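Next come the chains, spelled out residue by residue.
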Amino acid sequence: MLLQAGCFAAPPNGPDGSSERVSVAMLLPPRSGLSPFSDDAFKLSRWRTAETLVQLDEAGDAQPMLATEWSRVDPLTWRFTVRDGVRFHDGTELTAAHVADALGRAVAASPAPRILDGVDLTARADGDDAVLVSTAVADPLVPQRLSSPQLSILAPGAYRPDGQVDPAGHGTGPFRLTAVAGTSGATLDRNDDYWGEPARAAGIDVSFVPDGTARSAALRTGTADVVEAIPPGQVPLLDPELVHEVPMPRTNTLYLNTARGPFADPAVRAAAREAVDRAALIAGAYEGRADSAAGLLGPALPWAAELRGAPDYTRALADRPAPGRVDGVPITLGTFTDRAELPEVAVLLEQQLEAAGFVVTQDVREYAFIEADALDGAFDAFILSRATVLDSGDPVAYMASDFGCAGGFNISQVCTPQIEQALERAAATDTGPERRAATMQAEATVLATDAVIPLLHERVIQGESARVDGVARDPRERDLITTGTTVGATP
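Residue positions within a chain follow its written sequence, with the count starting from 1. Thresholds applied to this predicted model are a pLDDT of at least 70 for local features of residues and 80 or more for the giving and counting of side-chain atom pairs; totals over whole chains, interfaces and linings are not thresholded and use all residues. Water and hydrogen atoms were dropped before computing side-chain values, which therefore reflect all heavy atoms in the structure.

Strands here are runs of E lasting at least two residues and helices are runs of H or I lasting at least four, both read from the DSSP assignment and numbered beginning at the N terminus. Looking only at helices and strands, one finds 13 helices and 21 strands in the chain. Compactness check: the chain gives a C-alpha radius of gyration of 23 Å against a globular reference of 23 Å for 491 residues, within 12% of the reference. Taking the principal axes of its C-alpha atoms as reference, the chain extends roughly 70 × 55 × 45 Å. Relative accessibility thresholds used throughout: buried, under 20% of the residue-type maximum; exposed, over 50%; partly exposed, between the two (1.4 Å probe, protein chains only). For the chain, the residues scored as buried account for 55% of the 491 residues in total. Only the protein chains shown count as cover for residues, with accessible areas throughout obtained via the Shrake-Rupley method and a probe of 1.4 Å. Of the roughly 19,500 Å² that the chain leaves accessible, carbon and sulfur atoms contribute 50%. Charge assignment in this entry is limited to Lys and Arg as positive and Asp and Glu as negative, and neither His nor the chain termini are counted. For this purpose, a charge sits on NZ of Lys, CZ of Arg, CG of Asp or CD of Glu. With 40 positive and 68 negative side-chain charges, the chain shows a spacing of 1 Å between the two charge centroids. Radius of gyration means the value over C-alpha atoms here, while the globule rule gives 2.2 Å times the residue count to the 0.38 power.

Another aspect to go through is the state of the cysteines. Sulfur atoms of two cysteines make up a disulfide when they are within 2.5 Å. Summed over all chains, the structure comprises one disulfide. At a sulfur-sulfur separation of 1.9 Å, the disulfide partner of Cys405 is Cys415. Across the S-S bond of Cys405 and Cys415 the torsion is about 90 degrees, and the bridge reads as right-handed. A residue pair is termed long-range when its members are at least 10 positions apart, and Cys405 in the loop between α11 (396-403) and α12 (417-428) and Cys415 in the loop between α11 and α12 qualify at 10 residues. The partly exposed category is assigned to Cys405, whose relative accessible area is 35%.

Okay, the pattern of salt bridges next. Side-chain pairs of opposite charge can arise whenever the charged atoms involved come near each other. Think of a salt bridge as a Lys or Arg side-chain nitrogen and an Asp or Glu carboxyl oxygen that are within 4 Å of each other. Under the counting rule described, the total for this entry stands at 29 salt bridges. Where Arg79 meets Asp126, a salt bridge forms, and the shortest distance between an N and an O atom there is 2.8 Å. Highlighted residues: Arg79 in strand β6 (residues 77-82) and Asp126 in the loop between β7 (121-125) and β8 (130-135), separated in sequence by 47 residues. Classification of Asp126 by relative accessible area gives partly exposed; the value is 28%. In this structure, Asp450 and Arg320 form a salt bridge, with 3.5 Å as the shortest nitrogen-oxygen distance. Here the residue Asp450 occupies a position in the loop between α13 (433-447) and β18 (452-464), and Arg320 occupies one in the loop between α8 (311-318) and β15 (329-336), the gap between them amounting to 130 residues. Look at Asp450 and you get buried, because its relative accessible area is 1%. Since its relative accessible area comes to 29%, Arg320 is described here as partly exposed. Connected via shared salt-bridge partners are Glu245, Arg289, Asp291 and Arg459.

Looking at where Gly173 falls in the secondary structure, it is placed in the loop between α3 (142-145) and β9 (175-181). Exposure remark for Gly173: the relative accessible area of 0% places this residue in the buried category. Considering only alpha carbons, one finds Gly173 and Ala199, 26 residues apart in sequence, at a separation of 9.4 Å. By definition in these notes, contact holds between two residues if any of their heavy atoms fall within 4.5 Å. Ignoring sequence-local partners within four residues, the contact set of Gly173 consists of Arg48, Thr49, Glu51, His89, Asn191 and Tyr194.

Moving on to the packing of α11 against α12. Taken N-terminus to C-terminus, the directions of α11 and α12 make an angle of 155 degrees; their axes are 10 Å apart at the nearest point. The angle between α11 and α12 falls in the class roughly antiparallel. Note on packing geometry: the crossing formed by α11 with α12 is left-handed. Only Ile419, Glu420, Leu423, Ala426 and Ala427 of α12 make contact with α11, whose side of the interface consists of Val396, Met399, Ala400 and Phe403. Residue composition of the contact of α11 with α12, by class: eight nonpolar, no polar and one charged. Fitted lines through C-alpha atoms give the axes, limited to the stretch in contact for helices. The angle between two N-to-C directions lies from 0 to 180 degrees. Angle categories are assigned with fixed cut-offs, so that under 35 degrees is roughly parallel, over 145 is roughly antiparallel, 65 to 115 is roughly perpendicular, and the rest are oblique. Each crossing gets its hand from how the near helix is turned against the far one by less than a right angle, where anticlockwise is left-handed and clockwise is right-handed. Any residue that is not Ala, Val, Leu, Ile, Met, Phe, Trp, Tyr, Cys, Pro, Asp, Glu, Lys or Arg is counted as polar, Gly included; the first ten are nonpolar and the last four charged.

Formed by 59 residues in total, the largest nonpolar core has its most connected members in Leu254, Leu296, Leu297, Phe358, Ile383, Phe403 and Leu455. The dominant element in this core, judged by the number of residues it contributes, is helix α9 (residues 341-355), at six residues. Filtering out sequence-adjacent residues up to four positions away, Ile383 remains in contact with Asn252, Thr253, Leu254, Leu333, Gly334, Thr335, Phe336, Leu342, Val345, Ala346, Leu349 and Leu455. Each nonpolar core is a collection of buried residues, namely Ala, Val, Leu, Ile, Met, Phe, Trp, Tyr and Cys, held together in the definition by side-chain atoms within 4.5 Å.

A large share of β8 lies buried, amounting to six of its six residues. For two strands to pair, DSSP has to find at least two bridges joining them. Bridge count for β6 against β8 is five bridges, and the pairing is antiparallel. Counterpart to Phe80 in the pairing with β8 is Val131. Relative to β8, β7 is paired through five bridges, and the arrangement is antiparallel. Each bridged residue has a counterpart across the sheet, and for Ala125 the counterpart in β8 is Val131.

Further remarks concern the confidence of the model for the chain. The predictor reports its confidence for every residue as pLDDT, a score running from 0 up to 100. Counting all residues, the mean pLDDT for the chain is 91, and 96% of those residues have values of 70 or more. Contacts from residues 1-16, a stretch scored under 50 in pLDDT, to residues over four places away or in other chains number 41 contacts.

Before going further, it helps to examine the packing of aromatic side chains. Each aromatic pair joins two rings of Phe, Tyr and Trp (for Trp, the six-membered one) with centres within 6.5 Å, and gets the label stacked for planes under 30 degrees apart, edge-to-face for over 60, and tilted for any other angle. Scanning all chains against the criterion turns up nine aromatic pairs. For the pair Tyr255 and Phe403, a centre-to-centre distance of 6.1 Å together with 15 degrees between the ring planes defines the contact as stacked. Taken together, the positions of Tyr255 in strand β13 (residues 243-256) and Phe403 in helix α11 put the pair 148 residues apart, joining distant regions of the chain. For the pair Tyr255 and Phe403, a shared accessibility class is recorded, and that class is buried. Seen in terms of ring centroids, Tyr398 and Phe403 are 6.1 Å apart; in terms of plane orientation they differ by 75 degrees. Their pairing is edge-to-face. In terms of burial, Tyr398 and Phe403 fall into one category: buried.

Along the polypeptide, Thr445 turns up in helix α13. A polar atom in the side chain of Thr445 sits 2.8 Å from the backbone oxygen of Gln441. In this structure Thr445 touches Gln418, Ile419 and Ala422, once residues within four positions along its chain are discounted. Any N or O atom pair separated by 3.5 Å or less is treated as a polar contact, with the protein-specific requirement of one donor-capable and one acceptor-capable atom, and with residues adjacent in sequence counted only for side-chain atom pairs.

As structure tokens, then:
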């Protein structure tokens, strides 16, 4: 893949790869039996066992994978040429009919893969070597959508009559999934018949370790070569040479209720904006391991900061209301416990808002018990850790969901013609520099309302032992072990 990786040396056993295996400690066990239609698909992607038609580069642009090229046939239809010479792990040869069938099963899945939410997509073979993918309305993001791990292409044998999907032995990647031990672990072996660059490591041994202290201990003791999601509090206990921080496309955000309550007044929203001390939040809740938010999109999308200085962006923010006087204004502040840092952010933010004149009452619950109230506008303010690129690598869908009039995640209850026009313009623009510019203009239009106050951008903290190299450090958390991952080599 094209994402960050450490250096690696030639495999010790020659061009066919090493006899060494990589041990990986992962945060969450499978929740849906490793079904590609669920979030478990990201595990299949991080193990490089299941592959998609398209992959994304660092900028979020589509690159070939199981499809070698694509073109837009008409406004509603795209044609993807299927790579020749690819075999599934069970020996079946990849064909256009297999691709169309796999995509059709994803469309028919219940619930449907998140990337297909609101998208009416169909796929059919076009001869032996191509697939036609159509949507009900024009969609410039079709190639990016097909990069989602939830649209991985598996062999026909993976799809059982009862609707269950078994990825073991049915992928196309450089590692073959050979065994899954429920929620405790998984085993993968090198696929010596891989269509691309062969893997250097002999295989991957996965353990699922939900406890952060235990995962950190596995790195410290050498039990694991690669460790996901090290808690910030554990980092001081580890050799700093083994810890790597990667900006995530995830923003810790304060949503303000613009429909009713004190924050229906733009001047009161502006007062809250001015009360926030981001540096104190980062130092107090994240021990300095986060990035201050200048906007909705953070350093995981490097082009965002570059475009934030554009004249149109600056003009959009120039007319924000001045902060109003706040003296004893009562507000309810909600968040959830599932992400350990958020309750601490709420405590610190309460102190900052009360110093500005607000009287804060907190409501902190498990996410499952608070989401419905947040979406119904039950809180004056709500703190959310929000993924900003979702599954397509493109942030427009996130913005439409959170700030569009019909958005399904519009916690701020915001709806303005200016935001609608900016979102529609961005959604209709073809991928590339013009779409990125339109996206940033939409960000500025949203920020100008003060309906949302971006606080900080989170990082993923990944551990890598001294004996492993070539591990991907991927902000989108799609890649981890690569064909270049080497164990026991000298960097």
